[in-house]
Structure formats: C-alpha cells, structure tokens
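Working through the structure, step by step
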Amino acid sequence: MKKQLMTVLFGSVLVLGACGGGEETSPEEPADTGGDTETETTTVDAEAVIQQNCISCHGENLEGQGNFPALNDVGSRLSQEEILSVIQNGQGAMPPNIIEGEEAEAVAEYLANQK
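As a convention, each chain's residues are numbered from 1 in the sequence order in which they are written. Residue-level local features of this predicted model are given only where pLDDT is at least 70; pairs of side-chain atoms are given and counted only at 80 or more, and the full residue set underlies all totals for whole chains, interfaces and linings. Side-chain numbers come from the whole structure's heavy atoms, not from hydrogens or water.

Runs of H or I in DSSP of at least four residues are treated as helices and runs of E of at least two as strands, each being numbered from the N terminus. Tallying secondary structure elements over the chain gives 5 helices and 0 strands in all. Of the regular secondary structure in the chain, the N- to C-terminal order runs α-α-α-α-α. Relative accessibility under 20% of the residue-type maximum defines a buried residue, over 50% an exposed one, and the middle range a partly exposed one, all with a 1.4 Å probe and only protein chains included. Burial analysis of the chain (115 residues in total) assigns 23% to the buried set. Taking all contacts inside the chain whose residues are at least 6 apart in sequence as the whole, residues at least 24 apart take part in 53%. Working definition of accessibility: Shrake-Rupley area with a 1.4 Å probe, residue cover restricted to the visible protein chains. Accessible area of the chain: about 8800 Å², with a carbon and sulfur share of 51%. Residue contacts follow a heavy-atom distance rule, with two residues in contact if any of their heavy atoms lie within 4.5 Å.

Written out as structure tokens, the structure is:
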C-alpha cells in the first residue's frame, strides 16, 4: 500500500512540476552591431517555444497525452484567435499565460497552421 501511495504522489509531483512553474525568462539582449541605427525586427521561433513549454504536457509530437489534448491538428478545430485566447486565459488543466506576448502570438499562429 505504501508503494502505491508513493507512486501516486511521485507521479502527481512529476506531472505538476512539468506543467506548472510559471517561471518567466527574459530574452537575451541582442549584441551591439556597432552603431547600426535601424531597428531590427525580431522573429520568434515558435517551434522552440513549443519545445520549451508545451511538449511536457502535450507530448513530443504534440499528439496529446493523458488529459492534455493533441495540438498537432489544433488549427483544424480552432482559429488563431481562439488558440491565443486559450494560451492567455488557460483552459482545463492548462494554467493561463504559460507563454506571453510575441511568443504567445507566434505559437498561436504556428498552431493555427497545423491542420
């Protein structure tokens, strides 16, 4: 009985630790390019953001696992705005604002195109 209880507790801690956190990381400042006065536009690598924030719950190929739905075809079910709303507001077991700002918008656009 103790082994089963420990297994359940360990599994719960593992799942909660993988999906939670809410840690914010600030993006690294770009290196000075030597006086270039033009503003450079930064592009967000949505796939990298997904690898860092989504695969622990939604699966390595975003195929879904357990209580977490598949994201590899979410674009056929939800619009980009609906996906962004889920990212910002959370839904079900997913807490809000796991990713924010430009990263959230880039991920929503990327997932909306996955059909």
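Once the structure has been displayed, the description carries forward.
What follows is about the state of the cysteines. Here, a disulfide means two cysteine sulfur atoms that sit within 2.5 Å of each other. All chains considered together, the criterion is met by 0 disulfides. Of all cysteine sulfurs, the one in cysteine 57 lies closest to cysteine 54, which takes part in no disulfide; the gap is 8.5 Å. With relative accessibility at 11%, the residue cysteine 54 sits in the buried group.

Inspection of helix 2 (residues 46-53) places Ala46, Val49 and Ile50 among the buried residues, and these make up the whole buried set. Within helix 2, the buried residues cover an arc of 100° as seen down the axis, which keeps them to one side. In this structure, the buried residues of helix 2 make contact with helix 3 (55-58) and helix 5 (101-112). For this quantity, the arc is that covered by the directions from the helix axis to the C-beta atoms.

Examined against the element boundaries, alanine 106 turns out to sit in helix 5. On the basis of relative accessibility, which here comes to 16%, the residue alanine 106 falls in the buried class. What alanine 106 contacts, discounting residues up to four positions off in sequence, is Val44 and Ala46.

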